[in-house]
Every structure is written in structure tokens, then in C-alpha cells.
Amino acid sequence: MAKITAQEVNKLRQSTGAGMMDCKNALVEAEGDFDKAIEILRKKGQKVAAKRADRDSKEGAAIAAVNENATEGAIISLNCETDFVAKNDAFVALAHEFAAIAVNYDSKEAFLAADFGGMTVAEKLIEQTGVIGEKLEIGAFERISGGFVGAYIHAGNKIASVTALSENVDGADVIGKDVSMQVAAMGASILSYKDFDPAFVASETEARIAVIEKENIELGRLGKTLKNVPTFISRSQLTDEVLAKAEADIKAELIAEGKPEAILDRIVPGKLERFISDNTTLDTEQCLLDQNFIKDEKMTVADYVAKAGVSVTGFKRVSLA
């Protein structure tokens, strides 16, 4: 039997991430042949992966990365079975390595077939399944391109986001990170209210009104103040005709209250802005550019990026939370 040295065991451990005893046993079985020992560990991983194929892997790490030129960005989630593994430094480091590779590929399939130190990413997942003893898989795969791409990974590695800007301007790194942080924190689903499907907005309006009306029945029974039932929920519904009517209604209400017509022009704009705010709740929930900027709620995200002379062309978000 070949004599196995501590140096050989450590070399195999550094190469595969497997435990010391697993590496020693593999080298003993391979009679000191390094490549054969790696193959033995891979086969062990295949067996473990087959046994755990039906396990849920909802924990993990969501990691974002950008290329050297900051023109391509990607997010991947490396999924595992338990939060204990998800918090392991070596596991998180592996997720970062995967994300750095993902930036260079347009699809999840191409990424899984990409080289990872002499094996494919898919093979590395199987190998590490054997090492860790839990099912590992790539859950989410998102990619984006732009004039400049910024990224953000929330503490704990459960949420990651990337944002594409129209061009690389002074301060683009700060803007890209800020907007990506907004995406992570506020969970927008689309860029602007202009991108909404009218059928979705109509359906959502009906559903929200039904919920509020039902709540008001209970509030009325308890003698509490009823909630306002909105007529609209998105700027996409506020046509010129709707806004003109709202303005006329505001003026009529002010006159009925005895306000002099001479001061109406100073009061109406603020009340009209309030009307728009009250009737665009869907936008502030789901539209990135229409949300209040988390670092300065006096402006929207659109206002923030416009100050720098750029626009947001797209974003991606992955959450394991």
C-alpha cells in the first residue's frame, strides 16, 4: 500500500474542499494516484446527489457579480438544504466563484456546462454535494447588460440585485449600487408604470377595491374609521381626462369651503399631487422608477438617476428570504 503523506492529503483537500479523512481514504483507495482520488471523490458525490435528489434545497446564498468593465452583471443562487450550510464561509466563497463565472454566460444551461477548474460547474455541484452531504443546485440565474452595471448583495446573502444604467458616467458606481440597493430593499417587479399590462392593472384594481370594501364592513361594525376606497391604483390609469376632472373637483371643493378664487392656483397643485399619490399605490409598490428613493424620500428613483444624466435600462433581483 502506498504511503500517503499529510502534504498529499492537504493538496487534495485544497483542490476539492473535501474533509481530511475523506481525502485520505480516497488517496488510500487510489494508491496515491491524485487524479484517481479526485475521481473517487466525484463518484462519492454522485452517489450522495442521487440519494438526496428529492430533497428540498430552499436555503442558500444569492450572489451578484459584474465583469471587469462593469458592462455585464449576473446573479446566481447556490441552493442547499439547511441554513447552517448556507452560512458556511466556504459555501459562500463557492457561490461567489460561481457568480464570477456566470457573468460570462447568457443562459443557465451554458453556465452549468462552463469550466470550473477542469470540471464543469454541474460536476462541481455534484462533487460538493458529496463533500457537504447536502443537495446543492443552482436555483436562480439572472443576467443583465448595460452601459454600466452595478450590484448589491444584502447582508446575509439572501437577496442580491443588479442594475443596468444607460451609460458609464462619473459616479456610476455609486448610482448603480444605490439603485441596486433600492431594488433589493423595495422589491420592484418592473421598471415603470408604463410597462404595466392594462389587463393586469384592471384586475389588480378590482381585487384591491374588493379587499378594502370587505375590511370596511368589519371596521364599520366596530365603529372605526373606514379606509379610503381608491378609484385608481396606477399612473397608467390617470389619463388627461381623469386629471382634469380631479382638478375641477378640487377647485369646486375649495370654492364650496369658501376659499377665494385668487388663491386657488396656490392650493390646487398640492392637492392634485396628493390625488396622484393616493391613486398610484401599485406604482410605488412595484415600479422601480416611481418609488421614493430610499436614501432621500423627497425624490423618486427616476429623479435620482436623472440628476446624473443617466437612466435605468433594467434590473434583476433574486431573493431566498
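Above this text you will find the structure in question.
J.: Looking at this structure, how should I read the nonpolar core?
T.: Soluble, globular proteins show a tendency: their nonpolar side chains are buried together. Of all hydrophobic cores here, the largest spans 25 residues; its most connected members are Ile76, Leu78, Phe91, Phe98, Phe111 and Ile138. Counting only elements with at least two residues in this core, the list comes to β1 (59–66), β2 (72–80), α4 (83–86), α5 (89–102), α7 (121–132) and β5 (137–145). The residues contacting Leu78, other than those within four sequence positions of it, are Glu59, Gly60, Ala61, Phe91, Leu94, Ala95, Phe98, Leu125, Glu137 and Ile138. Counting residues in each nonpolar core, the second largest holds 20 residues, with Ala188, Leu289, Phe293 and Val301 among its members.

J.: I keep staring at helix α2 (residues 20–29) and nothing clicks. Help me out?
T.: Since the α-helix packs 3.6 residues into each turn, any two residues three or four apart lie on the same face. Turning to α2, its buried residues number three or more, namely Cys23, Ala26 and Leu27. Relative to the axis of α2, the buried residues are bounded by an arc of 95° and lie together on one face. Projecting away from the buried face of α2 at angles above 90 degrees are the exposed residues Met21 and Glu29. At the exit of α2 stands Glu31, carrying a positive phi of roughly 55°.

J.: For this particular structure, what's the right way to read the pairing of strand β6 (residues 148–153)?
T.: Put simply, side chains in a regular strand alternate between the two faces of the sheet. Two strands pair when backbone bridges link them, and β6 and strand β7 (residues 159–165) are joined in this way by six bridges, in the antiparallel orientation. Bridged to Tyr152 within β7 is Ser161. The hairpin turn running from β6 into β7, its antiparallel successor, is five residues long, and Gly156 in that turn takes a positive phi close to 100°.

J.: Help me understand the sheet that holds β5, please; the structure alone is not making it clear to me.
T.: Pairing between the strands of a sheet comes from backbone hydrogen bonds, and it takes one of two forms, parallel or antiparallel. Ordered in space as β1-β2-β5, the three strands form an open sheet in which the pairing is antiparallel. This sheet does not close on itself; its edge strands, each paired only once, are β1 and β5. This sheet shows a mean twist of 10° between the axes of neighbouring strands, independent of strand direction. Of the strand pairs in this sheet, β2 and β5 are connected by seven bridges, and their pairing is antiparallel. The residue bridging Ile76 from the neighbouring strand is Phe141, located in β5. Across the sheet, α5 touches β1, β2 and β5, and the angle it forms with β2 is around 145°.

J.: Sorry, what's going on with the side chain of Gln291 here?
T.: Here Gln291 shows up in the loop between α12 (281–286) and β8 (292–293). A polar contact of 3.4 Å, which involves the side chain of Gln291, links it to the backbone oxygen of Thr284. In contact with Gln291, not counting residues within four places along its chain, are Gln182, Met186, Ala188, Asp283, Thr284, Glu285, Gln286, Met299, Thr300 and Val301.

Rules and cut-offs
- Residues numbered from 1 in each chain as written.
- Predicted model: local features only at pLDDT ≥ 70, side-chain atom pairs only at ≥ 80, totals over all residues.
- Heavy atoms only, no water.
- Core = buried A, V, L, I, M, F, W, Y, C linked by side-chain atoms within 4.5 Å.
- Buried < 20%, exposed > 50% of the residue type's maximum accessible area, 1.4 Å probe, protein only.
- Helix = DSSP H or I, 4+ residues; strand = E, 2+ residues; numbered from the N terminus.
- Contact = heavy atoms within 4.5 Å.
- Arc of directions from axis to C-beta.
- Pairing = 2+ DSSP bridges.
- Axes fitted to C-alpha atoms, helices over the stretch in contact; angles between N-to-C directions.
- Polar contact = N/O pair within 3.5 Å; in protein donor to acceptor, adjacent residues only side chain to side chain.

Everything listed here is a matter of coordinates, which is why it stays silent on function.
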